[in-house]
Amino acid sequence: MQFNRIAALAAAAFIACAAPAAAQTSTQMVAARQLVEVSGAVAVYEGFPVSILEQAAGRLVVTNQDPKFRAALVEVVTALRPEFANRKAEMIEQTAAIYATRFTEAELKEITAFYATPTGKKLVAELPKVAEATLFKIREIGDKISTEVTSRLREEMKKRGFAI
């Protein structure tokens, strides 16, 4: 589930970065930070850097089965956790900057006000579940399409004298 939140957030950040930047004011940045806070993004960022650290360590364990290596790696990960846990502020600031380049201060305040409504609060609470269910369905549909495509490719290639 955490991966799905991260994937959805990364996709949103990528899409936001693709648009051209606009000038930002300090009050616009304040409004953008408030939006990031109220939108629920901060909860996703909470464990993200540490999750990356642990995933990287997991990849290293796969490549080295030595028990001494594993024990040393656990010590290193434990020592590095606080360093990477503090990266949340950086992620909040970058997200706020992205919002500030795409929305005016007034728009940011309107969006933030929406998140303060019962519907906005429900959106924040339900969005991770919606994103997870959506990702599951997209994968399911992708698998179905992949099977159909493979079948059609084989069929068409067979008509042309090729067996695959």
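Bear in mind the structure is a predicted one, so any value in this text is a computation, not a measurement.

A. Focus on the overall build of the protein. Within the protein, the regular secondary structure consists of seven helices and zero strands. The N-to-C order of helical and strand elements in the protein reads α-α-α-α-α-α-α. The burial tally for the protein puts 21% of its 164 residues in the buried class. The long-range fraction of contacts in the protein, counting pairs at least 24 apart against all pairs at least 6 apart in sequence, stands at 79%. Surface accessibility of the protein: about 11200 Å² in total, with carbon and sulfur atoms responsible for 65%.

B. Focus on helix H4 (residues 67-85). Along its 19 residues, H4 runs 27 Å from first to last C-alpha, staying within 8% of the 27 Å computed at 1.5 Å per residue. A maximum bend of about 30° is found in H4 at Ala79, where proline Pro82 lies one to four positions downstream. The opening residue of H4 is Asp66, an N-cap whose side-chain oxygen sits 3.0 Å from the backbone nitrogen of Lys68.

C. Spotlight on the pattern of salt bridges. Applying the stated criterion across every chain yields a total of eleven salt bridges. Among the salt bridges present, the one from Arg81 reaches Glu54, with a minimum N-O distance of 2.7 Å. Placement of the pair is Arg81 in helix H4 and Glu54 in helix H3 (residues 41-63), with a sequence separation of 27 residues. For Glu105, the salt bridge identified is with Lys109, shortest N-O distance 3.1 Å. Of the two residues, Glu105 and Lys109 are both situated in helix H6 (residues 105-116); the distance of four residues between them amounts to about one turn of the helix. A residue is classified by how much of its surface remains accessible, and Glu105, at 25% relative accessible area, is partly exposed. In the salt-bridge network here, residues are joined through shared partners; they are Arg152, Glu155, Glu156, Lys159 and Arg160.

D. Layout of the environment of Ala96. Looking at the element boundaries, Ala96 is found in helix H5 (residues 88-102). Put simply, Ala96 and Arg33 are 63 residues apart on the chain and 5.0 Å apart in space, counted from C-alpha to C-alpha. Not counting the four nearest positions on each side in its chain, Ala96 is found in contact with Met29, Ala32, Arg33 and Val36.

E. Seen up close, helix H2 (residues 26-38). The end-to-end C-alpha distance of H2 is 18 Å, a good match for the 18 Å that 13 residues give at a rise of 1.5 Å each. As for H2, its buried residues are in contact with H3, H5 and H6. Once H2 ends, the next one or two residues include Gly40, with phi positive near 95°.

F. Representation of the confidence of the model for the protein within the structure. Confidence in the prediction for the protein averages 85 pLDDT; 85% of positions are at 70 or higher. Taken element by element, the predicted model of the protein shows its lowest mean pLDDT in helix H1 (residues 2-18) (46) and its highest in H6 (96). pLDDT under 50 marks residues 1-5. Its contacts with residues more than four places away, or in other chains, come to eight contacts. For the stretch residues 7-22, pLDDT sits under 50, and the model shows 13 contacts to residues farther than four places along the chain or on other chains.

G. Highlighting the packing of aromatic side chains. One pass over the full model with this rule turns up two aromatic pairs. Taking the centre distance of 6.1 Å and the plane angle of 35° together, the rings of Tyr99 and Phe103 count as tilted. Taking relative accessible area as the criterion, Phe103 reaches 30% and is therefore assigned partly exposed.

About the cut-offs
- Residues numbered from 1 in each chain as written.
- Predicted model: local features only at pLDDT ≥ 70, side-chain atom pairs only at ≥ 80, totals over all residues.
- Heavy atoms only, no water.
- Helix = DSSP H or I, 4+ residues; strand = E, 2+ residues; numbered from the N terminus.
- Buried < 20%, exposed > 50% of the residue type's maximum accessible area, 1.4 Å probe, protein only.
- Contact = heavy atoms within 4.5 Å.
- Areas by Shrake-Rupley, 256 points an atom, 1.4 Å probe, with all protein chains shown as cover.
- Expected span 1.5 Å × (residues − 1).
- Bend = angle between axes of the 7 residues up to and from the residue.
- Polar contact = N/O pair within 3.5 Å; in protein donor to acceptor, adjacent residues only side chain to side chain.
- Salt bridge = Lys/Arg side-chain N within 4 Å of Asp/Glu carboxyl O.
- pLDDT = per-residue confidence, 0-100.
- Phe/Tyr/Trp six-rings, centres within 6.5 Å; stacked < 30°, edge-to-face > 60°.

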